[in-house]
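Results of the structural survey
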Number of protein chains: 2
Amino acid sequence: MYKIAFDVMGSDNGSLVAIEAASKFIKTKKELYLIFVGDKEQIETSLKKFPIDESRYEILATTEFIDMNGSIMDIRRKKDSSMVKALEALKDNKVDAMITGGNSAAFIAGSHFILGELNGISRPGFMPTLPTAVNNKLTLLLDVGANLEADVEDIIGYAKMANIYSKSVLKIENPSIAQLNIGEEKSKGTLLQKEIYKELEADENINFFGNLESRDILAGKVDIIVTDGYTGNMCLKAFEGASKILMTEIKSQLYKTIFTKLKALTLKKSFNNVSKKFDYKNHSGAILLGVNGIAFKAHGSSDVKSFEATLRMTCDAIENDVLNKIKKELI
Amino acid sequence: MYKIAFDVMGSDNGSLVAIEAASKFIKTKKELYLIFVGDKEQIETSLKKFPIDESRYEILATTEFIDMNGSIMDIRRKKDSSMVKALEALKDNKVDAMITGGNSAAFIAGSHFILGELNGISRPGFMPTLPTAVNNKLTLLLDVGANLEADVEDIIGYAKMANIYSKSVLKIENPSIAQLNIGEEKSKGTLLQKEIYKELEADENINFFGNLESRDILAGKVDIIVTDGYTGNMCLKAFEGASKILMTEIKSQLYKTIFTKLKALTLKKSFNNVSKKFDYKNHSGAILLGVNGIAFKAHGSSDVKSFEATLRMTCDAIENDVLNKIKKELI
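What you are looking at is a predicted structure, and each value in this text was computed from that prediction instead of being measured.

All names here are of chain A. At their nearest, the axes of helix H1 (residues 14-26) and helix H10 (residues 304-319) sit 8 Å apart, and the two run at 55° to each other. When the axis of H1 is compared with that of H10, the two are oblique. The chirality of how H1 crosses H10 is right-handed. On H10, the residues touching Val17, Ala18, Glu20, Ala21, Ala22, Lys24 and Phe25 of H1 are Val304, Phe307, Glu308, Leu311, Arg312 and Cys315. Of the residues assigned to the contact of H1 with H10, the class counts are nine nonpolar, no polar and four charged.

And the structure:
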């Protein structure tokens, strides 16, 4: 049996959605024991609607939570918040992992203050698992915003950690790793990127693909893409914006040309499928790689399906002992 | 009458496409005189197919050209290349502007060596005009890759130059200018971005919108977006990649669900319309703002329509005397 502390507060859709996901997911995972962290009354009410066998969970009641508009200072100020309590449970080894759908900035700050970084890692990286144009192929991208700046050691650290993650959790035998850059040639990019290129190329434990341009992030060409948090964040949000605008435009084009309103309704499902496939938010949580604990962030706008996906990813990380494998690699 | 030196070599689709565009466009613009720069035989052959009144053009014959795989060193090595000759014609005031569809890196280097920068500008910016989700609203984005790094002065320079351009060429009365950033709040981003925010906010001649996230670049929220060339380039290519992948996915979803092959053909046009609307390549060239001359780059994969658009933009820039207005502003 293993335990996850699940901070069910602070996400956009409220704790009911988180509990519904947990109630569904736990039936598929016999080894799992959940500690719901948050407002006791809310959790109990939600559990009435979506019951879970009493032997498989407990409630860690808290009086506060950090909302989406909160700041990183809330980690210090709100000592009894669900996010702080879930992180502390992980730090104190009361659980094997934690999940939150709350404020990202607070989560990153809290992980730093409460869990601390692994030896050899000065800046952790936020790593979502992205869908790609190639069926069933996923690509790990990090950092997407835990830290805006990164030096050579940070990026090499991201590559090493993601390499272990991809092997042990995603079962990729020899993951290919690319550096995100403005051009594919070795000579492209900033001085920092040229230096990183050399280091990745020279590392015998890394299957280095070379540079990859942002137009190919979702192309499924590699297993892992490393970059600084500023660039990763910009690109993810650019995808999000492009996706939203294109879908709107295509719908309006199609509807005004050949389709009746009735047919338009039939189309809606197809569009939603595509939106969901390429919206990383609908896939899974992002793990914060490099902190001393398995800490997952579900997207703030998570629905039942995305919380389920985050639970699944978290269990995968625990079952494959990814944290200890990473620690070993970093020594 | 005004003159444009048109380097018709070095783009993906060959000189015929460039000449066809010129032949069509010149009929709409009585004041325009063209100097085709490139291989004499190729140009003459193309002109047989797409004739232009002999009083309205001349050929500046060159023996070399810089191809897409060329390097910036070619600017020094290939003294008789069409790109170098077109830039020299502009420098020597033989023409009012130049256009090339050739190698971007060589064009940027050549503009630096041959035209030089305007007083007060140390790094020019590549500025495409982007389509947006709002009908008939365009957004100027710079820099998209002329220089990877930029300091506060560079970005303020971009804002000032684009401001004049938007007012005089696009006829926007009081253009709103945003800084591209990873978050909208004033406190977001790097130290550099916080400094830029303050300077843009304090500048009385600038209608500062604040920070804008990459997901909103195409949303039509502002008239001008300033950023460093590295970030601008990353975002443009992310849009390109997202667009390609989404369109492919939507097509396959729709075709496999409700459509017969016949209907699929009907749909093709709608998709192409959307692709074209949001592909900046199909819109117009990008001007290199900050060099001493009106120098436009048509995309390397330009078709007839995009070369026509670049010609139109270049004429607009000349007719509105944008270079002198910018020079005046920078003093």
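Turning our attention to the packing of aromatic side chains. All chains considered together, the criterion is met by 10 aromatic pairs over all chains. Measuring from ring centre to ring centre gives 6.0 Å for Phe107(B) and Phe126(B), while their planes differ by 35°; the resulting arrangement is tilted. Residue Phe107(B) is located in helix H5 (residues 104-115), and its partner Phe126(B) is located in strand E5 (residues 125-127); the two are separated by 19 residues in the primary sequence. Here Phe107(B) matches Phe126(B) in class, with each residue buried. An aromatic cluster is built from Phe6(A), Phe36(A), Tyr57(A) and Phe307(A), whose rings are joined through pairwise contacts. It is Arg76(A) that lies over the ring of Phe113(A); its NZ or CZ is 3.9 Å from the centre.

Let's shift gears to the interface of chain B and chain A. Often, the extent of an interface is quoted as the loss of accessible area upon association of its parts. At the junction of the two partners, chain B supplies 46 residues and chain A supplies 46 residues. Carbon and sulfur atoms supply 73% of the area that chain B and chain A bury against each other, a total of about 4100 Å² over both sides. When the area that chain B buries against chain A is broken down by residue, the three leading residues are Ile182(B), Arg215(B) and Met234(B), summing to 15%. The tally of links from chain B across to chain A stands at four salt bridges. With its nearest N and O atoms 2.5 Å apart, the salt bridge here joins Lys237(B) to Glu213(A). Counting the contacts that link chain B with chain A gives 14 residue pairs in polar contact (both at pLDDT 80 or more). If you tally residues by element for the side of chain B that touches chain A, the top one is helix H8 (residues 229-257) of chain B, at 20 residues.

The next thing to look at is the pairing of strand E8 (residues 176-180) of chain A. All names here are of chain A. E8 sits mainly inside the fold: five of its five residues count as buried. A two-sided burial pattern is seen for E8, the buried positions comprising Ser176, Ala178 and Leu180 on one face and Ile177 and Gln179 on the other. Alignment of E8 against strand E9 (residues 207-212), held across five bridges, turns out to be parallel. From the neighbouring strand, Gln179 faces E9, where its bridge partner is Asn211. Crossover handedness for the path E8 to helix H7 (residues 191-202) to E9: right-handed. One ladder, built from three bridges, connects E8 with strand E10 (residues 224-226); its direction is parallel. When the bridges of E10 are listed, Ile177 appears paired with Ile224.

What follows concerns helix H11 (residues 322-330) of chain B. All names here are of chain B. Every buried residue belonging to H11 is among Val322, Leu323 and Ile326, and all of these are buried. Considered in projection along H11, the buried side chains sweep an arc of 100° and stay on one side of the axis. Where H11 is buried, its residues contact helix H6 (152-168), strand E11 (286-289), strand E12 (294-297) and helix H10 (304-319).

Let's shift gears to the pattern of salt bridges. Evaluation of the coordinates by the stated rule reveals 26 salt bridges over all chains. For Glu213(A), the salt bridge identified is with Arg215(A), shortest N-O distance 3.0 Å. The salt bridge involving Lys40(B) is made with Glu44(B); its shortest N-O contact spans 3.3 Å. On the criterion of helical spacing, the pair formed by Lys40(B) and Glu44(B) is a turn pair, its members being four residues apart in helix H2 (residues 40-49).

Thresholds, definitions, all that
Residues numbered from 1 in each chain as written. Chains lettered and ligands numbered in written order. Predicted model: local features only at pLDDT ≥ 70, side-chain atom pairs only at ≥ 80, totals over all residues. Heavy atoms only, no water. Axes fitted to C-alpha atoms, helices over the stretch in contact; angles between N-to-C directions. Helix = DSSP H or I, 4+ residues; strand = E, 2+ residues; numbered from the N terminus. Parallel < 35°, antiparallel > 145°, perpendicular 65-115°, else oblique. Left-handed = near helix turned anticlockwise from the far one by under 90°. Contact = heavy atoms within 4.5 Å. Nonpolar A, V, L, I, M, F, W, Y, C, P; charged D, E, K, R; others polar. Phe/Tyr/Trp six-rings, centres within 6.5 Å; stacked < 30°, edge-to-face > 60°. Buried < 20%, exposed > 50% of the residue type's maximum accessible area, 1.4 Å probe, protein only. Lys NZ or Arg CZ within 6 Å of the ring centre and 35° of its normal. Buried area = accessible area lost by both parts, 1.4 Å probe. Salt bridge = Lys/Arg side-chain N within 4 Å of Asp/Glu carboxyl O. Polar contact = N/O pair within 3.5 Å; in protein donor to acceptor, adjacent residues only side chain to side chain. Pairing = 2+ DSSP bridges. Right-handed = clockwise from strand over helix to strand, strands pointing away. Arc of directions from axis to C-beta.

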